[in-house]
Amino acid sequence: MEILHTIHLSNIEIPLENIKVNEIEKRNSFEHQTPTKTFPFLETKEGNISQSDAIIYYLCQKYKPELLGQNIFEKAKIMQWVEFANCEINQCNRNIIYPIFGWEELNKEDYNRDNNKIKEYLKNIEKELEKNEYIIGNQLTLADISLFAKLRFLMMFHLPEQMRNKLTPKLNKWFEKIMNSKEAIKAYGRTVLCKTPMKPFAGKINKNKAENEKKDNKDEEKEKNKKDRNKGDKKNKNEKKEKQNDKKDKKDKKEKEQKETPKEQQKEKEPYVPGLLELPRFNIKEIENNPLDSLPPSKFDLSKFKNDILNSSDKKSSMNNFWTIFDKDGYSIWYIEYNNTSNECITLFRTCVIKGDILEQLKYFKKYCFGVLGAYGGNGNYKIKGCMVWRGNDIPEEIKNINCFKKMSFKKLDFNVQKDKELVEEFWTKIEEKDKVGDLPAVDARYFY
C-alpha cells in the first residue's frame, strides 16, 4: 500500500501484477525475477528491485525526489522516522492489531505493554506536529507516508476518537488530512476512524476452543464410563438412577449427533472468523464455455455504461441514460441482501470482510455485471446489500457458487416499476459515506465493475 501511495503521489503509471499468497504456482514462476526471492518487486531498465522500502526509495529518487528531503539533515530525519515506523510502531501492530484480526494469538502481557508504548510514541509524533504541518517541515515526505501506513490500522480499530482528540489533536488532524487526500484514497480505499476500540478476539477464540475440547473429552469419558457401567451393573441399576441419568443421556445423544454430523454441515453453522481460515479460502475458477457467452447479442453495451457512470460527475444523468439504453431481454437487475446471523455484522470490520469475501468470489463475473454491494447502518447493526445488473435473466452459476449463497436474498427488479427504478438509482448514485439509502447511511459502498 505504501508503494501504491508513492506511485500516486509521484503521478506515474506503473503496470501492476497482483500475485496472491495462495497462488503458489504463479509466485514460483516469478520468484527467479526477484533478487531476494521475496515479494513485492519492481522491474526497471537497470534491473529488478525487491523489498518495499527499497522500491519506495527508488521511485522517490527517480520521480519525486522532494519526498526524500531537501538537504542531508532532512534526509537523515526522514529515515529516522521511517525506521521508527518500521521497528517501533510495527511491533505494536503485531501485538495489538494482529490479535484483533485473528492473525496471531493474544498475549495479554505484550498487548498491555505495547498499548502503553503506542501512547508514548504518539506523543513523540505530536511534538513534531506542533512545530510543523507535516513530520518534516510543511511538505509531505516519505516520513509521513511510512508513519501513516503503520498507524492506519491502529487509528481504525484500536485508538478511540475521544483519546485521539484529547491526547494527540495535531496528530489526528495530520492523519485525517492524509487519509482524505485523493492519493491515499486511491492506494488504501476509504479509511474509517475508530470510535470505540475493537477487543482482540483471537485469545478468546482459542480459550473457547480449549474449553470446548475439554468439554468434549469429558463427554467422551462420561459416555465410555456409562457403557462400562451398563455392561457390569445392568441388573443392579435402580429406577431412581435411571431417571437421574435420563436427562444426561438426552444431552449426550445431542452432542454425539452434533459430532457425527458431516464436517461440511458443521462449517455452515460456525460463525465466520477472519484470519482463522486456512488458505486458500476460496477455490475460484473461471467458468469455461460460460453459458452467458452464448446468449443472443444485446444492444446494451455494459462496458460503455460502466465507463460512463464511473467517470461522470453527474451520476443521475448517467442513470437517465441507462434507462433509455437498457435491454431487459439480454440483462436483468437484482436487489441483493445478505441475511446475517446475530453474531455477524456487529462491527464494520467484520461486515466489510464478509462483503469483501462475496465480491472476491465474483472476480471472474465482473465482465458480465455491474453494481454496488455495500455496508449500511451503524451502532453494531450493519447490513450488506445492494443492486446489480448482469447478463441474462436468471441467477447465474457464478452467483450460486458463492459459499454463503444460501444466506443471501435475491429479488428481480422491473425497470418499468418506478419504485424499483428509484431503488437502483439510490444504490448507484449514493455511495459516499453518510449518504442515506433508504433509512440507512452508507458506510462502505463501492462500485463493483
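Definitions and limits used
- Residues numbered from 1 in each chain as written.
- Predicted model: local features only at pLDDT ≥ 70, side-chain atom pairs only at ≥ 80, totals over all residues.
- Heavy atoms only, no water.
- Core = buried A, V, L, I, M, F, W, Y, C linked by side-chain atoms within 4.5 Å.
- Buried < 20%, exposed > 50% of the residue type's maximum accessible area, 1.4 Å probe, protein only.
- Helix = DSSP H or I, 4+ residues; strand = E, 2+ residues; numbered from the N terminus.
- Contact = heavy atoms within 4.5 Å.
- pLDDT = per-residue confidence, 0-100.
- Axes fitted to C-alpha atoms, helices over the stretch in contact; angles between N-to-C directions.
- Parallel < 35°, antiparallel > 145°, perpendicular 65-115°, else oblique.
- Left-handed = near helix turned anticlockwise from the far one by under 90°.
- Nonpolar A, V, L, I, M, F, W, Y, C, P; charged D, E, K, R; others polar.
- Pairing = 2+ DSSP bridges.

1. Focus: the nonpolar core
Thought 1: The biggest cluster of nonpolar side chains holds 58 residues, and the ones touching the most others in it are Ile89, Ile118, Ile125, Ile135, Leu147, Leu151 and Trp174.
Thought 2: Every element with two or more residues in this core is listed here: α1 (2–10), α3 (52–63), α4 (72–101), α5 (108–131), α6 (142–157), α8 (169–179), α9 (182–188) and α15 (348–360).
Thought 3: In contact with Ile89, not counting residues within four places along its chain, are Phe84, Ile118, Tyr121, Ile125, Leu147, Lys150, Leu151 and Leu154.

2. Considering the confidence of the model for the chain
Thought 1: On average, residues of the chain carry a pLDDT of 83, and 81% of them reach 70 or more.
Thought 2: For the chain, per-element mean pLDDT is lowest for helix α12 (residues 263–269), which scores 42, and highest for strand β3 (residues 331–338), which scores 97.
Thought 3: Confidence over residues 202–215 falls short of pLDDT 50; this stretch has 10 contacts with residues more than four positions distant or in other chains.
Thought 4: Across residues 263–280, confidence stays below pLDDT 50; counting only partners more than four residues off in sequence or on other chains, it has 24 contacts.

3. Thoughts on the environment of Ile3
Thought 1: Turning to its location among the elements, Ile3 is positioned in helix α1.
Thought 2: The residues touching Ile3, leaving out its near neighbours within four places in the chain, are Pro40, Ser52, Ile55, Ile56 and Leu59.

4. A look at unusual backbone geometry
Thought 1: The omega angle of the peptide bond from Phe39 to Pro40 is 5°, so this bond is cis rather than trans.
Thought 2: Along the chain, Pro40 falls in the loop between α2 (24–31) and β1 (41–43).
Thought 3: Notably, Gln51 is not glycine yet its phi reads approximately 80°, a positive angle.
Thought 4: Positionally, Gln51 belongs in the loop between β2 (48–50) and α3.
Thought 5: On the basis of relative accessibility, which here comes to 40%, the residue Gln51 falls in the partly exposed class.

5. Thoughts on the packing of helix α14 (residues 315–325) against helix α17 (residues 418–429)
Each pair of packed helices can be described by the angle between their axes along with the distance between the axes.
Thought 1: Relative to each other, α14 and α17 sit at 140°, their axes nearing to 10 Å. When the interaxial angle is binned, α14 and α17 end up oblique. The crossing of α14 and α17 is right-handed. Residues Lys315, Lys316, Met319, Phe322 and Trp323 of α14 form the contact with α17, whose own contacting residues are Lys421, Val424, Glu425, Trp428 and Thr429.
Thought 2: Counted by class, the contact of α14 with α17 contains five nonpolar, one polar and four charged residues.

6. Description of the pairing of β3
Thought 1: Most of β3 is tucked away, with eight of its eight residues classed as buried.
Thought 2: Here β3 shows no split at all, with Tyr331, Ile333, Tyr335 and Glu337 on one side and Ser332, Trp334, Ile336 and Tyr338 on the other all buried.
Thought 3: Bridge count for β3 against strand β5 (residues 381–391) is eight bridges, and the pairing is antiparallel. Bridge assignment links Tyr338 to a residue of β5, and that residue is Ile384.
Thought 4: In the sheet, β3 pairs with strand β6 (residues 408–413) via six bridges, with the strands oriented antiparallel. In the strand pairing of β6, Tyr335 is matched with Lys411.

7. Describing the pairing of strand β4 (residues 369–378)
Thought 1: Most of β4 sits inside the fold, with 10 of its 10 residues counted as buried.
Thought 2: Going residue by residue along β4, you find Cys369, Gly371, Leu373, Ala375 and Gly377 tucked away on one face and Phe370, Val372, Gly374, Tyr376 and Gly378 tucked away on the opposite face as well.
Thought 3: With 10 bridges joining them, β4 and β5 adopt antiparallel strand pairing. Bridging across to β5, Gly374 finds its partner in Lys385.
Thought 4: The hairpin formed by β4 and β5 contains two residues between the paired strands, and Asn379 there has a positive phi angle of roughly 55°.
Thought 5: When β4 meets strand β9 (residues 447–448), the two strands line up antiparallel, connected through two bridges. Among the inter-strand pairings, Val372 is bridged to a residue of β9, identified as Tyr447.

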